[in-house]
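Structure assessment
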Amino acid sequence: MQQSAILALAMAAAAQGAVDNSKLSPLRFKEDGTFHISVFSDLHMGMYSMYPRGPKQDAKSVSVMASILDIEKPDFAVINGDLINGDSTRVENSTHYVDQIVKPLVDRNLTWGSAYGNHDHQPNLSGELLLAREQTFPGARTKSMVRGAAAGSTNYFVPVYSATCKDVRCCAPKMILWFFDSRGGYYYQQRDRLGRAVHHPNWVDESVVAWFEETNARIEKRFNRVIPSLGFVHIPVYASVELQTKGVHPNRQPGIDDESASPQAQGWCEDGKHDCKYGKQDTAFMKAIAKTKGMMGLFSGHDHANSWCYKWDGELPGVAVKGSGINLCYGQHTGYGGYGDWIRGSREIFVSLDKLKDMVIDSHIRTERGEVINPISLNATYGQDMYPVSPNDKTYL
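To start, this report covers the structure provided alongside it.

Our focus in this paragraph is the overall build of the protein chain. In terms of helices and strands, the protein chain carries eight helices and 17 strands. Relative to the globule expectation of 21 Å for 397 residues, the C-alpha radius of gyration of the protein chain, 20 Å, shows essentially globular dimensions. Over its C-alpha atoms, taken along the principal directions, the protein chain stretches across nearly 55 × 45 × 45 Å. Looking at the protein chain as a whole, 60% of its 397 residues qualify as buried. With an accessible surface of roughly 16,500 Å², the protein chain has 51% of that area assigned to carbon and sulfur atoms. Across the protein chain, 42 positive and 44 negative side-chain charges occur, with their mean positions spaced 4 Å apart.

This is the structure in structure tokens:
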């Protein structure tokens, strides 16, 4: 299906919803100077939809979100990719699964943003249509700021202001949240001459990288300062592969480490063909995030059996980019869809204006059982500090 036709359908879907999320109040730190984010990853709603197991695991995934939200009470939530298992849903119902996903958020009057993943781009599921459906619910800040068929759907930023800022037109943001669409999966309703689904590139497109660099530079120039920031993208960058190869220490980088990292550009060749190990097409994105001053962390999902954070500082084999101290972090697999039975949960991120002066954030994993595991401080000495070893529990439907 042509991009123009998809956009027309998306606009029609959004019009039917008649919710104007452009009028949402700007995000602000609380009066005590704190801001709390809950990150949910890899829900994979709609998997096994034709079998009794499917609705049961979807309900369980929503229950995980609801219970964590009731405990953590965040100021903002992130749904970090693979919201829907689009390869097992139908054209006529694929986007409807988002209704179940956002219900715990809407019911609690919470606001959120999403970054789509490879399973959100499938022959029967369009990122544009998914975004249009998401925008029919009050509180959705997910949007598309980069035009073009190659860009993907969810590339945007959300500023966070101080509690004392009365008019955001006159205030510098205290923090910026950046969202990137790592794409992947397959093009919507496209087939090659042999009738096969057409692979969708699985990296942040260079048009998005250019937008990010230009937009960030414009913000810095306007306010004459570096704005601390966090990034969210579903598929991790290749640097995560080499950091994992160096060794994830159970005390210095606590978390589950049961799976080889699967990075952006995996499965592609440098000449743009498919079926190579790694094509290096995420190099431009890695350069951009590594050189961006104030970028404290990039948070990913995708690899269900990983939940560690690693400070990327210095050179890595096979990476044409030198790290500058950004923390590359996984979340916790949230959904009962997708592969694996590692305990479900969320990554919680805690930001305070006091610690933000030193570019420090704190984090932990909240499990579906209500436990807090892997409490860490992403500070200057993260990677040297010692933490308790992460438990590696399993849960079953």
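Next comes the rest of the description.
Inspection of every chain in the model, using the stated rule, returns two cavities of 30 Å³ or more. Empty space within the largest cavity amounts to approximately 50 Å³. Residue lining of the largest cavity: Pro-236, Val-237, Ser-240, Leu-298, Ser-300, Leu-328, Cys-329 and Tyr-330, and that is the complete set. Within the residue set of the lining of the largest cavity, elements represented by two or more residues are β12 (295-300) and β14 (319-330). If you tally residues by element for the lining of the largest cavity, the top one is β14, at three residues. Of the residues assigned to the lining of the largest cavity, the class counts are six nonpolar, two polar and no charged. Empty space within the second largest cavity amounts to approximately 40 Å³. As for the second largest cavity, its lining consists of Ser-41, Asp-42, Gly-301, His-302, Asp-303, His-304, Asn-306, Gly-331, Gln-332 and His-333.

Here we take up helix α5 (residues 206-223). In this model α5 runs 26 Å from its N-terminal to its C-terminal C-alpha over 18 residues, within 8% of the 26 Å that 1.5 Å per residue would give. Inspection of α5 places Val-208, Val-209, Trp-211, Phe-212, Thr-215, Asn-216, Ile-219 and Phe-223 among the buried residues, and these make up the whole buried set. Take α5 and look down its axis: the buried residues cluster within an arc of 160 degrees, on one side only. Of the exposed residues in α5, the ones pointing more than 90 degrees away from its buried face are Glu-206, Glu-214, Arg-218 and Lys-221. Tucked into the core, α5 has its buried residues touching β5 (156-161), β6 (175-180), α7 (283-291) and β12. Once α5 ends, the next one or two residues include Asn-224, with phi positive near 55 degrees.

What follows covers the environment of Val-102. The residue Val-102 is located in helix α3 (residues 97-107) in this model. Through-space distance from the C-alpha of Val-102 to that of Ala-140 is 8.7 Å; in sequence the pair is 38 residues apart. Setting aside chain neighbours within four positions, we find Val-102 in contact with Trp-112 and Phe-137.

Under the defined criterion, the tally for this structure stands at 15 salt bridges. Where Asp-75 meets Lys-30, a salt bridge forms, and the shortest distance between an N and an O atom there is 2.8 Å. One end of the pair, Asp-75, is in the loop between α2 (53-72) and β3 (76-79); the other, Lys-30, is in the loop between β1 (27-28) and β2 (34-40), and 45 residues separate them in sequence. The salt bridge involving Arg-183 is made with Asp-205; its shortest N-O contact spans 3.8 Å. In this pair, Arg-183 is assigned in the loop between β6 and β7 (186-191) and Asp-205 in the loop between β8 (197-199) and α5, connecting sequence segments 22 residues apart. According to the relative accessible area criterion, Arg-183 is buried, its value standing at 1%.

This part is about the nonpolar core. In this structure, Trp-178, Phe-285, Met-286 and Trp-312 are the most contacted members of the largest nonpolar core, which totals 43 residues. Taken together, the elements giving at least two residues each to this core come down to β6, α5, α6 (239-246), α7, β12, β13 (309-316) and β14. For this core, the leading source of residues is α5, giving six residues. In this structure Phe-285 touches Phe-180, Val-204, Val-209, Val-233, Val-237, Gln-264 and Leu-298, once residues within four positions along its chain are discounted. Counting residues in each nonpolar core, the second largest holds 28 residues, with Phe-299, Cys-329, Ile-349 and Tyr-382 among its members.

The buried count for strand β17 (residues 372-378) comes to five of seven residues, which makes it a mostly enclosed element. Sheet topology note: the strand β16 (residues 361-367)/β17 ladder contains five bridges and is antiparallel. Along β17, the bridge assignment pairs Ile-365 with Ile-373. Between the end of β16 and the start of β17, which pair antiparallel, lie four residues, with Gly-370 showing a positive phi angle near 95 degrees.

Moving on, we come to the packing of aromatic side chains. The tally for this structure, following the rule as stated, stands at 16 aromatic pairs. An angle of 90 degrees between the planes, with centres 5.3 Å apart, marks the rings of Phe-180 and Phe-212 as edge-to-face. Within this pair, whereas Phe-180 is found in strand β6, its partner Phe-212 is found in helix α5, the two being separated by 32 residues in sequence. Note on accessibility: Phe-180 and Phe-212 belong to one class, buried. Geometrically, the ring pair formed by Tyr-382 and Tyr-387 is tilted, given 6.2 Å between the ring centres and 45 degrees between the ring planes. Of the residues examined, Tyr-387 reaches a relative accessible area of 14% and is grouped as buried.

Definitions and cut-offs
Residues numbered from 1 in each chain as written. Predicted model: local features only at pLDDT ≥ 70, side-chain atom pairs only at ≥ 80, totals over all residues. Heavy atoms only, no water. Helix = DSSP H or I, 4+ residues; strand = E, 2+ residues; numbered from the N terminus. Rg over C-alpha atoms; globule rule 2.2 N^0.38 Å. Buried < 20%, exposed > 50% of the residue type's maximum accessible area, 1.4 Å probe, protein only. Areas by Shrake-Rupley, 256 points an atom, 1.4 Å probe, with all protein chains shown as cover. Lys, Arg positive; Asp, Glu negative; His and termini not counted. Charge placed at Lys NZ, Arg CZ, Asp CG, Glu CD. 1 Å grid on protein atoms, 1.4 Å probe; cavity = no way out; pocket = protein on both sides within 12 Å on 5 of 7 lines; lining within 4 Å. Points joined across faces, edges and corners; volume = space filled by probe spheres on them. Nonpolar A, V, L, I, M, F, W, Y, C, P; charged D, E, K, R; others polar. Expected span 1.5 Å × (residues − 1). Arc of directions from axis to C-beta. Contact = heavy atoms within 4.5 Å. Salt bridge = Lys/Arg side-chain N within 4 Å of Asp/Glu carboxyl O. Core = buried A, V, L, I, M, F, W, Y, C linked by side-chain atoms within 4.5 Å. Pairing = 2+ DSSP bridges. Phe/Tyr/Trp six-rings, centres within 6.5 Å; stacked < 30°, edge-to-face > 60°.

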